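Analysis of the macromolecular model
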Amino acid sequence: MSDPTNSPIPPNRWELNISSAHDASYAECFEDLIERGEDIDGEARLADVLAPRRARILDAGAGIGRVAAALALRGHDVTAVEKDPDLVSRSRARFPDVAVVESDILGLSTAVLEAAGRPTSYDVIVVVGNVMIYLAEDTEVRALRTLGSLLAPKGRILVGFRPHKGPEHSREYPVEDFRRHVSEAGLGLEHVFGTYELRPAADDYVVAVLRPV
Ligand SMILES: C[S@@+](CC[C@H](N)C(=O)[O-])C[C@H]1O[C@@H](n2cnc3c(N)ncnc32)[C@H](O)[C@@H]1O
């Protein structure tokens, strides 16, 4: 297989559909939950369990920055990466202390992170809130490989997505395809759960922990 690292970056499913206003509805939904003081920290709590104290954590496809901010509150050095300019602005306005790198996941590299003044190696990378099912077509392995290249030696990646009947414009992503992509990206599947409270693997949601092999 040719190395796709330097190939052009195709538009992802999220940005292809920005005009459909689903990005605003995602943002407004979570902003409303935050205003109402609801607990939306499930992903961050599990990421915190996976991390050493004062860890370097990268939130890939961070959206409005809600998970990144919850992790920063727990004492971690967090870098949010987001491509949608509206979500980048919302994140910077709501959580000004969280560093946001405006980039596609596929465009990340140690050079890009270094230029942004951010760590180049991470203890935990979170790819939660259905980011995997909004990647551009056939870029799942490339995205996982790119993120894997930024892991510290004992680092781990926390992934969460709905494999079937996900939100509008997202892909169907059977767990067998995900398992194959993880392996093709040179990563190992350490755990698969069905929820962030570590319920057993289920058909309706995938929560996975990946590690370098
Ligand atoms: C439903 S939102 C979830 C945001 C956030 N992770 C959360 O849980 O609140 C999906 C996000 O995936 C991001 N995304 C999808 N593909 C991406 C890519 N290739 N590079 C960067 N961000 C991407 C979108 O821009 C969007 O912010």
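Reading the values: rules and limits
Residues numbered from 1 in each chain as written. Predicted model: local features only at pLDDT ≥ 70, side-chain atom pairs only at ≥ 80, totals over all residues. Heavy atoms only, no water. Helix = DSSP H or I, 4+ residues; strand = E, 2+ residues; numbered from the N terminus. Rg over C-alpha atoms; globule rule 2.2 N^0.38 Å. Buried < 20%, exposed > 50% of the residue type's maximum accessible area, 1.4 Å probe, protein only. Areas by Shrake-Rupley, 256 points an atom, 1.4 Å probe, with all protein chains shown as cover. Arc of directions from axis to C-beta. Contact = heavy atoms within 4.5 Å. Polar contact = N/O pair within 3.5 Å; in protein donor to acceptor, adjacent residues only side chain to side chain. Phe/Tyr/Trp six-rings, centres within 6.5 Å; stacked < 30°, edge-to-face > 60°. Lys NZ or Arg CZ within 6 Å of the ring centre and 35° of its normal. Core = buried A, V, L, I, M, F, W, Y, C linked by side-chain atoms within 4.5 Å. Lys, Arg positive; Asp, Glu negative; His and termini not counted. Salt bridge = Lys/Arg side-chain N within 4 Å of Asp/Glu carboxyl O. 1 Å grid on protein atoms, 1.4 Å probe; cavity = no way out; pocket = protein on both sides within 12 Å on 5 of 7 lines; lining within 4 Å. Points joined across faces, edges and corners; volume = space filled by probe spheres on them. Pairing = 2+ DSSP bridges. Axes fitted to C-alpha atoms, helices over the stretch in contact; angles between N-to-C directions.

1. Overview of the overall build of the protein
- Along its length, the protein carries eight helices and seven strands.
- In summary, the protein has a C-alpha radius of gyration of 16 Å against a globular reference of 17 Å for 213 residues, a match within 12%.
- A principal-axis box enclosing the C-alpha atoms of the protein has dimensions of 45 × 35 × 35 Å.
- Scored against the burial criterion, the 213 residues of the protein give a buried share of 52%.
- Per element, the accessible surface of the protein, about 10000 Å² overall, is 51% carbon and sulfur.

2. Thoughts on helix H8 (residues 175-184)
- Among all positions of H8, only Phe178, His181 and Val182 are buried. Around the axis of H8, the buried residues are gathered within 100 degrees of arc, so they sit on the same side. Every exposed residue of H8 that faces more than 90 degrees away from the buried side is listed here: Glu176 and Ser183.
- Buried residues in H8 make contact with helix H7 (140-148), strand E5 (151-161), strand E6 (187-193) and strand E7 (206-212).
- Looking at the residues trailing H8, positive phi occurs at Gly186, about 80 degrees.

3. Things to note about helix H5 (residues 85-94)
- Of the positions making up H5, those classed as buried are Leu87, Val88, Arg90 and Ser91. For H5, the angular spread of buried residues about the axis comes to 165 degrees, placing them on one side.
- Two to three positions downstream of the cap, the backbone nitrogen of Asp86 sits 3.0 Å from a side-chain oxygen, assigning the N-cap of H5 to Asp84.

4. Focus on the packing of aromatic side chains
- Summed over all chains, the structure comprises seven aromatic pairs.
- Between Trp14 and Tyr134, the ring centres sit 4.9 Å apart and the planes meet at 90 degrees, which makes this aromatic pair edge-to-face. Separated by 120 residues along the polypeptide, Trp14 in helix H1 (residues 13-16) and Tyr134 in the loop between strand E4 (122-127) and H7 bring together distant segments of the chain. Side by side, Trp14 and Tyr134 carry an identical accessibility label, which is buried.
- Through successive ring pairs, a cluster of aromatic residues spans Trp14, Tyr26, Phe30 and Tyr134.
- Seen from the ring of Phe30, Arg66 lies directly overhead, with NZ or CZ sitting 4.1 Å from the centre.

5. So, the nonpolar core
- Judged by nonpolar contacts, the single largest core of 32 residues is most densely connected at Ile125 and Phe178.
- The set of elements that each furnish at least two residues to this core consists of strand E1 (56-60), E4, H7, E5, H8 and E7.
- Residues in contact with Phe178, not counting those within four places in the same chain, are Leu144, Val159, Phe161, Tyr173, Leu189, Val206, Ala208 and Leu210.
- Ala62, Val67, Ala69 and Ala70 belong to the second largest nonpolar core, which has 28 residues in total.

6. Digging into the side chain of Glu82
- You can see Glu82 is positioned in strand E2 (residues 77-82).
- Here Glu82 is buried and forms no salt bridge, its nearest opposite-charge partner Lys83 lying at an N-O distance of 9.0 Å.
- Aside from chain neighbours lying at most four places away, what touches Glu82 is Gly61, Ala62, Gly63, Leu87, Val88, Val100, Val101, Glu102 and Ser103.

7. Some points on the layout of surface pockets
- Reported here for the largest pocket is a volume of approximately 820 Å³.
- Along its surface, the largest pocket is lined by 40 residues, and Tyr26, Val128, Gly129, Asn130 and Val131 are the ones closest to its centre.
- In terms of residue count, the dominant contributor to the lining of the largest pocket is helix H2 (residues 22-35) (four residues).

8. Structural notes on the sheet that holds E5
- In spatial order, the strands read E3-E2-E1-E4-E5-E7-E6; together these seven strands make up an open sheet with mixed pairing. Looking at the sheet topology across the chains shown, the edges are occupied by strand E3 (99-102) and E6. Taken over all neighbouring pairs, the strand axes of this sheet differ in orientation by 20 degrees on average, direction set aside.
- Taken together, the three bridges between E1 and E4 define a ladder with parallel strand orientation. Bridge pairing links Asp59 to Val126 in E4.
- Where helix H3 (residues 42-50) meets the sheet, its contacts fall on E4, E5 and E7, and the angle it forms with E5 comes to roughly 160 degrees.
- Packing of H5 onto the sheet brings it into contact with E2 and E3, and relative to E3 it is tilted by some 170 degrees.

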